[in-house]
Amino acid sequence: MKEMKTDTLWDHLHWLTVLAEQGSFTRAAERLDVSKAAMSQKIKELEEMAGVLLVQRTTRSVRLTSAGEKLVEELREPFARIEQSFFQRAGHRRAGAWPGAHYRTGGVCPSATGADYR
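Since the model is a prediction, treat every value here as computed from it, not as a measurement.

(A) Expanded view of the packing of helix 2 (residues 25–32) against helix 3 (residues 36–50). Put simply, helix 2 and helix 3 touch, their axes get as near as 8 Å, and they point 105 degrees apart. As judged from the angle between their axes, helix 2 and helix 3 are roughly perpendicular. Each of F25, T26, A28, A29 and L32 in helix 2 lies in contact with helix 3, whose residues at this interface are K36, M39, S40 and I43. Tallied by class, residues from the contact of helix 2 with helix 3 come to six nonpolar, two polar and one charged.

Rendered as structure tokens:
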């Protein structure tokens, strides 16, 4: 597994959630205002760090693997909380700024309990 700093990890995780939301590397890259190649590289780096494939790629489509789906689902609640906290501190509300912010999940996040993504 590739070692990565936490601040870099947040970017990678954010980009994965954008990819999941958009359903294509092209649309995700456009939303993030980056190249498709940069988007693909960022996801590959995340997969290397996780030690598992998160995205199933073909020449015509992209979909999350079961590990990718599980990770994105677990990221929704924390990202929504971060967004809520940020905008409350900024003195206004803004929903949906982070992908996944509009998702609602319940219960304990399995990653917090050491669940494996494989």
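(B) How the structure looks around helix 2. Taken together, the buried positions of helix 2 are F25, A28, A29 and L32. Buried residues along helix 2 cover an arc of 100 degrees about the axis, so they all sit on one side. Between a side-chain oxygen at the N-terminus of helix 2 and the backbone nitrogen of T26 the separation is 3.4 Å; the capping residue is S24.

(C) Seen up close, the packing of aromatic side chains. Enumeration according to the criterion identifies two aromatic pairs in this entry. Arranged with centres 5.7 Å apart and planes meeting at 35 degrees, the rings of W10 and F79 form a pair that is tilted. Here the residue W10 occupies a position in helix 1 (residues 6–22), and F79 occupies one in helix 4 (residues 66–89), the gap between them amounting to 69 residues. Over the ring of W15 we find K42, and its NZ or CZ is 4.5 Å from the ring centre.

(D) Structural view of the pattern of salt bridges. Under the criterion given, the structure shown has four salt bridges. The closest approach of N and O atoms between R81 and E77, which form a salt bridge, is 2.4 Å. Residue R81 and its partner E77 are both found in helix 4; the two are separated by four residues, about one turn of the helix. Using a relative accessible area of 55% as the deciding quantity, one classes R81 as exposed. A relative accessible area of 17% means that E77 is categorised as buried.

(E) Here's a closer look at the nonpolar core. Counting 23 residues, the largest nonpolar core has L16, L19, F25, M39, I43, L54 and V55 as its most contacted members. Of all elements in the fold, only helix 1, helix 2, helix 3, strand 2 (62–64) and helix 4 reach the threshold of two or more residues within this core. Not counting residues within four places of it along the chain, the set of residues in contact with L16 comprises I43, L46, L54, V55, L64, L71 and V72.

Reading guide: rules and limits
Throughout this description, residue numbers start from 1 for each chain and increase along the sequence as written. Local features in this predicted model are restricted to residues whose pLDDT is 70 or higher, and side-chain atom pairs enter the listing and the counts only when it is 80 or higher, whereas totals over whole chains, interfaces and linings include all residues. Each side-chain value is derived from all of the structure's non-hydrogen atoms; neither hydrogens nor water enter the calculation. Geometry is summarised by axes, namely lines fitted to C-alpha atoms with helices restricted to the contacting stretch, and by angles between N-to-C directions that run from 0 to 180 degrees. Numbering of helices and strands runs from the N terminus; a helix is a DSSP stretch of H or I covering at least four residues, while a strand is a stretch of E covering at least two. Roughly parallel refers to an angle under 35 degrees, roughly antiparallel to one over 145, roughly perpendicular to one between 65 and 115, and oblique to any angle outside these ranges. Residue contacts are defined here by distance: any two heavy atoms, one from each residue, within 4.5 Å place the two residues in contact. Three classes are used, and their members are as follows: Ala, Val, Leu, Ile, Met, Phe, Trp, Tyr, Cys and Pro are nonpolar, Asp, Glu, Lys and Arg are charged, and the others, Gly among them, are polar. Categorising residues by exposure relies on relative accessible area from a 1.4 Å probe, with only protein chains included: less than 20% of the type maximum marks a residue as buried, more than 50% marks it as exposed, and the intermediate range marks it as partly exposed. Of all possible arcs, the one meant is that of the directions from the helix axis to the C-beta atoms. Side-chain atoms alone can form a polar contact between residues adjacent in sequence; in general such a contact is a pair of N or O atoms within 3.5 Å, and within protein one must be able to donate a hydrogen while the other accepts it. Between rings of Phe, Tyr and Trp, where Trp is taken as its six-membered ring, a pair exists when centres lie within 6.5 Å; planes separated by under 30 degrees are stacked, by over 60 edge-to-face, and by other angles tilted. Only lysine NZ and arginine CZ atoms are considered, and such an atom sits over a ring when it is within 6 Å of the ring centre and within 35 degrees of the ring normal. Just to be clear on terms, a salt bridge is a Lys or Arg side-chain nitrogen sitting within 4 Å of an Asp or Glu carboxyl oxygen. Among buried residues, the Ala, Val, Leu, Ile, Met, Phe, Trp, Tyr and Cys ones that are joined through side-chain atoms within 4.5 Å form a nonpolar core.

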